[in-house]
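The primary structure of each chain is shown beneath.
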Amino acid sequence: MKKTLLALSVLAAGSANAGVNLYDQQGVIVDVSGAAEVQYFQGYAKDSDSAFRLDDGDLAFNTTVPVTDSLNAVAAMAYEYEDGDVTNDELWVGFQGDFGTLTFGRQYLIADDAGIGKDYELGGDGLDFVLANGDQAAKYVFDNGQFYAGVSALLTETQKADAVTGKDVDEAQVIDGRLGARFGDLDARVYLYSGSDIASSDIFGTDFTGGVIDVEGYNLEVEYTMGAIALAGSFGQVEYKNVANSANKLDVDTAALAGSYTMDKTTFALGYTFLDFDKDDVSAVYANVTQQLHSNVKVYAEIGSSDADDSEFGYLAGMEVLF
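Note that the structure is predicted; figures quoted are calculated from it, not measured.

K.L.:
Would you take a moment to explain the pattern of salt bridges for this structure?
P.N.:
Summed over all chains, the structure comprises eleven salt bridges. Of the charged contacts, one joins Arg189 and Asp187 as a salt bridge, the two residues approaching to 3.3 Å between their closest N and O atoms. Per residue, the accessibility class of Arg189 equals that of Asp187, and both read buried. Put simply, Asp143, Arg182, Asp187, Arg189, Glu221 and Glu223 are held in one network by salt bridges that share partners.

K.L.:
Quick question: what am I supposed to make of the pairing of strand E15 (residues 281-294) here?
P.N.:
In this structure, strand E14 (residues 266-276) lies alongside E15, joined through eleven bridges in antiparallel fashion. The residue bridging Thr273 from the neighbouring strand is Ala284, located in E15. If you look at the hairpin formed by E14 and E15, you'll find four residues sitting between the two strands. Of the pairings in the sheet, the one linking E15 to strand E16 (residues 297-306) comprises ten bridges and is antiparallel in character. Counterpart to Thr290 in the pairing with E16 is Tyr300.

K.L.:
What's the story with the packing of aromatic side chains in this structure? I'm lost.
P.N.:
Within a pair of aromatic rings, the relevant descriptors are the distance that separates the centres and the angle that separates the planes. Applying the stated criterion to the full structure yields four aromatic pairs. Between Phe129 and Tyr193, the ring centres sit 4.7 Å apart and the planes meet at 5°, which makes this aromatic pair stacked. In this pair, Phe129 is assigned in the loop between strand E6 (100-108) and strand E7 (133-143) and Tyr193 in strand E10 (residues 186-200), connecting sequence segments 64 residues apart. Across the pair, Tyr193 and Phe129 agree in class, each one buried. Pairing Phe147 with Phe183 gives two aromatic rings, centres 6.3 Å apart and planes at 85°, and the pair type is edge-to-face. Separated by 36 residues along the polypeptide, Phe147 in strand E8 (residues 147-159) and Phe183 in strand E9 (residues 169-183) bring together distant segments of the chain. Residue class for Phe147 comes out partly exposed when judged on its relative accessible area of 41%. Sitting over the ring of Phe41, Arg53 keeps its end group 5.4 Å from the ring centre.

K.L.:
Please explain unusual backbone geometry as it appears in this structure.
P.N.:
Even without being glycine, Val130 reaches a positive phi, approximately 75°. Within the secondary structure, Val130 is located in the loop between E6 and E7. One non-glycine residue with positive phi stands out, namely Asp197, at about 55°. Secondary-structure assignment places Asp197 in strand E10.

About the cut-offs
- Residues numbered from 1 in each chain as written.
- Predicted model: local features only at pLDDT ≥ 70, side-chain atom pairs only at ≥ 80, totals over all residues.
- Heavy atoms only, no water.
- Salt bridge = Lys/Arg side-chain N within 4 Å of Asp/Glu carboxyl O.
- Buried < 20%, exposed > 50% of the residue type's maximum accessible area, 1.4 Å probe, protein only.
- Pairing = 2+ DSSP bridges.
- Helix = DSSP H or I, 4+ residues; strand = E, 2+ residues; numbered from the N terminus.
- Phe/Tyr/Trp six-rings, centres within 6.5 Å; stacked < 30°, edge-to-face > 60°.
- Lys NZ or Arg CZ within 6 Å of the ring centre and 35° of its normal.

The values are spatial; any link to function lies outside them.
Structure below.
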């Protein structure tokens, strides 16, 4: 039982890819994990210059405290550094047991996990639910190995001023969920998302008027693993609607295909993304190679091409170190 709960606590934390155990006595566990990732990056934007890009800088603390033989208390704090300022993006508490994990506070919603792309940066525009993190969030996840499910809700969220009104928006609300199943090497799942009064000034660079919008959508995803080969595909639909003018809306169909082949410590990946707007469509294709130098260290390179207007050939090289 305690092993099962500990494994669940690692899944619930979400921030930790590696980790260092700081404390482990009488069932109380405290871990710290971090990530640093830097890229030399040339994006698709016209006339953009290649430069070093600080892609990731994270530090997370997670704890599990046994309350009874079948119930744990869990908590986490996580910080982001890549923008030059220290930002606390996770601060939550909750409970965990055979029933699953229930958490409250500042955290990422279920929708943040959506997507099957194997790109680092050059997958092009893909699925965008706009808002997937907040302070006033509650989340429940359950996973018994074969079937898994989750639901999260953002009760209300104060956002930065939108570009149209110049005012803060503090009424954003989101409810989303995921339902999935594993059958041997096959993993299939669906994400559902419904958000209202969300501040957004730009959707995929289209002429859709930003401001305060409602977002409704879903994404179907399938992954299949055959030894060293991994294949994935997805299809989703999202509707963006201006709250002040319901006639001003944008419907987007999104699809993605990706595959990878791993040979010893080297992984080769290839992918394609496609978005169909009301009046236009855009696609991107990318390829990358990743070398795992250590379980906590990898280097990689990626190239990509997009058929968006005025786009340029993209490329990058990067390195990530975890602890």
